[in-house]
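Here are the chains, one letter per residue:
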Amino acid sequence: MNSLNSSHESLADVLVKICGIKRPEDAILADKLGADLLGLIHVERSPRHLTGRELEDILSLIPPEKAVIVLEPSDPVEVAEVIERTGVERIQLHSISCEDARGIKRVLTENGFNPGITVAVPPEPGALDVLDHIPCSCVLLDSSSGGRTGGTGRMIPPELALGMLRLIRSQESAPEVALAGGLGPSTVRLNPEYLLEFDCLDFNSGIEAAPGIKDHAMMFELMECMGRTGGLQKPSRLQRGELS
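Residues numbered from 1 in each chain as written. Predicted model: local features only at pLDDT ≥ 70, side-chain atom pairs only at ≥ 80, totals over all residues. Heavy atoms only, no water.

A look at a negative patch on the surface
Consideration 1: Together, Glu-44, Asp-75, Glu-78, Glu-81 and Glu-84 make up a region of like negative charge exposed at the surface.
Consideration 2: Structurally, Glu-78 can be placed in helix α3 (residues 76-86). (Patch = residues over 30% accessible without salt bridge, like charges linked within 9 Å, V, L, I, M, F, W, Y side chains within 5 Å. Areas by Shrake-Rupley, 256 points an atom, 1.4 Å probe, with all protein chains shown as cover. Salt bridge = Lys/Arg side-chain N within 4 Å of Asp/Glu carboxyl O. Lys, Arg positive; Asp, Glu negative; His and termini not counted. Charge placed at Lys NZ, Arg CZ, Asp CG, Glu CD. Helix = DSSP H or I, 4+ residues; strand = E, 2+ residues; numbered from the N terminus.)

Topic: the sheet that holds strand β4 (residues 90-93)
Consideration 1: One closed barrel holds the eight strands; their spatial order is β1-β2-β3-β4-β5-β6-β9-β10, and the pairing between them is parallel. Each strand axis lies, on average, 25° off the axis of its neighbour in the sheet, ignoring direction.
Consideration 2: The pairing of β4 with strand β5 (residues 116-121) spans four bridges and is classified as parallel. In the strand pairing of β5, Gln-92 is matched with Thr-118.
Consideration 3: Relative to strand β3 (residues 67-71), α3 is tilted by about 150°, and along the sheet it contacts β3 and β4.
Consideration 4: Lying over the sheet, helix α5 (residues 158-169) contacts β5, β6 (138-141) and β9 (176-179), oriented at roughly 165° with respect to β6. (Pairing = 2+ DSSP bridges. Axes fitted to C-alpha atoms, helices over the stretch in contact; angles between N-to-C directions. Contact = heavy atoms within 4.5 Å.)

Points about the nonpolar core
Consideration 1: If you look at the biggest cluster of nonpolar residues, it comprises 63 residues, and the most contacted ones within it are Leu-141, Leu-179 and Phe-198.
Consideration 2: Among all residues touching Leu-179, those that are not within four sequence positions of it are Leu-140, Leu-141, Ile-156, Ala-161, Tyr-194, Leu-195, Phe-198, Cys-200, Leu-201 and Asp-202.
Consideration 3: Within the second largest apolar cluster, eight residues are counted, among which are Val-68, Cys-138, Leu-140 and Ala-180. (Core = buried A, V, L, I, M, F, W, Y, C linked by side-chain atoms within 4.5 Å. Buried < 20%, exposed > 50% of the residue type's maximum accessible area, 1.4 Å probe, protein only.)

That's the geometry; what it means functionally is another story.
And the structure:
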């Protein structure tokens, strides 16, 4: 891979987000292993969807600065309502149009909210246009299906992801860039130089035993590959999906 002059010297410098957390025990382990961000999906079409009550239960178990609530809003007001209800200061928006982005920006401004916003975009022509309409601190590159980003479990071809990365970093005051889509421990082991180009790596289906059920041995393996495990003892393979 050709270097894009990434500032990261090792994978330990790249942020790790474990997304699609649905069970309390998975949230606790992800935090203990040293994940930087924990993604909680509040999108009904997702098998990892958390209801409002489930969202609150998970949030009570993790450091608030690590929480990222993933939304696919049908109405901009939904974004403000979730922020007001949970107090979470990081949100990740999926499948939004330029019009949606303008509406969300307006509603957040009217309500005095200034969250850290991640916008998910697919590697498609014109996908970055949405960034002109909403301030964001991070762009998440993710695969799409049927016009909706996320939930595919498919990796973006590296040449497409790197092309998008170049476009984003060519902008003035460029946001950070995260990569998602089918990433797991084997991806990290086989492609370390490629993954160093990104500011954050987003792991979900690649560390699961089933949708919404994280494999604890794979989580440990992932964080070991990333150079940090929080000092915890590695669970045996007999503990797939749970840690005693």
